[in-house]
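# Chain and residue survey
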Amino acid sequence: MRLSPRLTIHANGKQPVLPSETEACVTGIWDDACRVRPTLFNGRVFCADAISTDGIDGHWTEYRRAFAQIRRPGLFGPRPLRQLAVCGVLFCPQGLVLARRQRDAAYLGGFWQSPPAGTIEARASTAADSSTNIDLAAQILAEAEEELGLAAENLTVGAPVVAVTHAKTEIVDICVSLTTALPFAEIESLWRRSSNREYEQMTVVAEAERSDWLNRPDLIATTRLAVEMMAQ
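Let me sum up the structure you'll find in this document. Along each chain, residues carry numbers from 1 onward, in the same order as the chain's sequence is written. In view of the model being predicted, local features appear only for residues whose pLDDT reaches at least 70, and side-chain atom pairs are presented and counted only at 80 or more, with totals across whole chains, interfaces and linings using the full set of residues. Computation of side-chain values covers all heavy atoms of the structure but excludes hydrogens and water.

### With respect to unusual backbone geometry
Just so we agree on the cut-off: Going along the chain from the N terminus, every DSSP run of H or I of four or more residues is numbered as a helix, and every run of E of two or more is numbered as a strand. Each residue is assigned to one of three classes by its accessible area relative to the maximum for its type, calculated with a 1.4 Å probe on protein chains only: buried under 20%, partly exposed between the two thresholds, exposed over 50%.
Here proline 115 and proline 116 are connected by a cis peptide whose omega angle stands at -5 degrees. Considering the arrangement of structural elements, one finds proline 116 in the loop between β6 (112–113) and β7 (117–119). Its identity is not glycine, yet glutamate 170 carries a phi of approximately 70 degrees, on the positive side. Classification of glutamate 170 by relative accessible area gives partly exposed; the value is 22%.

So, in structure tokens, the structure goes:
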């Protein structure tokens, strides 16, 4: 879905109460995952209840619920969680910046995407249990700092472009354009010096190479669609 530059995202709903059997399933999936990856954190993430070109309404929920749905699609039946994520399509002077996700990542391991990207989550400045507007720019700038070591002063955030829903996981990616005057070599250096290991490799794609990359099967569909729409 193409989005309006004036898109607003509002948290005005409440986390639903799950049937006891579903809650037990969520707990089992989460506990098993935590035994393998003890660093998993059950924070608060935003899920969309209604999406239109101009606005998204939704609610905050526990991350463990969204995680369980990724592991077991269809867990919530006819009312799946539509976890919202923000994805930056990052351009530097040399071209489009791409990064490959760690191969053992819980979601889309080994795929290339335009970083940064991440779930819209309740941060220190966000009250997770009250109605609030979601600041997309603040979310993507926080992801850029965490994933790439890129400070907000080095980035220009554009308007939202498109919302892409993943068929199996129901995750909804909101794509925004990001530009920086920093050369790719400096971006890569900042990333290597950061402590985040969301990605295992980075590259930059010049305009002449872009069509080949957009046809690769290991490029996340969200990145492909967003780049194509930005070029129109």
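### So, the pattern of salt bridges
The following threshold applies: Here, a salt bridge means any Lys or Arg side-chain nitrogen found within 4 Å of an Asp or Glu carboxyl oxygen.
This structure, assessed with the given rule, holds nine salt bridges. The closest approach of N and O atoms between aspartate 32 and arginine 35, which form a salt bridge, is 2.3 Å. With a gap of three residues between them, aspartate 32 and arginine 35 both fall in helix α1 (residues 20–36), about one helical turn apart. Residue classification places aspartate 32 among the partly exposed residues on the basis of a relative accessible area of 44%. Where glutamate 200 meets arginine 100, a salt bridge forms, and the shortest distance between an N and an O atom there is 2.9 Å. Within this pair, whereas glutamate 200 is found in strand β11 (residues 199–205), its partner arginine 100 is found in strand β5 (residues 95–101), the two being separated by 100 residues in sequence.

### Let's talk about the packing of α1 against helix α2 (residues 63–71)
Using the following cut-off: Axes here refer to lines fitted to C-alpha atoms; in helices the fit is confined to the stretch in contact. Angles between the N-to-C directions go from 0 to 180 degrees. When an angle is under 35 degrees it counts as roughly parallel; over 145 it counts as roughly antiparallel; between 65 and 115 it counts as roughly perpendicular; any other value is oblique. Residues are treated as being in contact if the distance between any of their heavy atoms lies within 4.5 Å. The nonpolar class holds Ala, Val, Leu, Ile, Met, Phe, Trp, Tyr, Cys and Pro. Asp, Glu, Lys and Arg form the charged class, and all remaining residues, Gly among them, are polar.
Direction vectors running N to C along α1 and α2 enclose 85 degrees, while the axes themselves pass 9 Å from each other. One way to sum up the angle between α1 and α2 is to call them roughly perpendicular. Counted together, Glu23, Val26, Thr27, Ile29, Trp30 and Ala33 of α1 and Tyr63, Arg64, Arg65, Phe67, Ala68 and Arg71 of α2 form the full contact between these two elements. Looking at the contact of α1 with α2, its residues break down into seven nonpolar, one polar and four charged.

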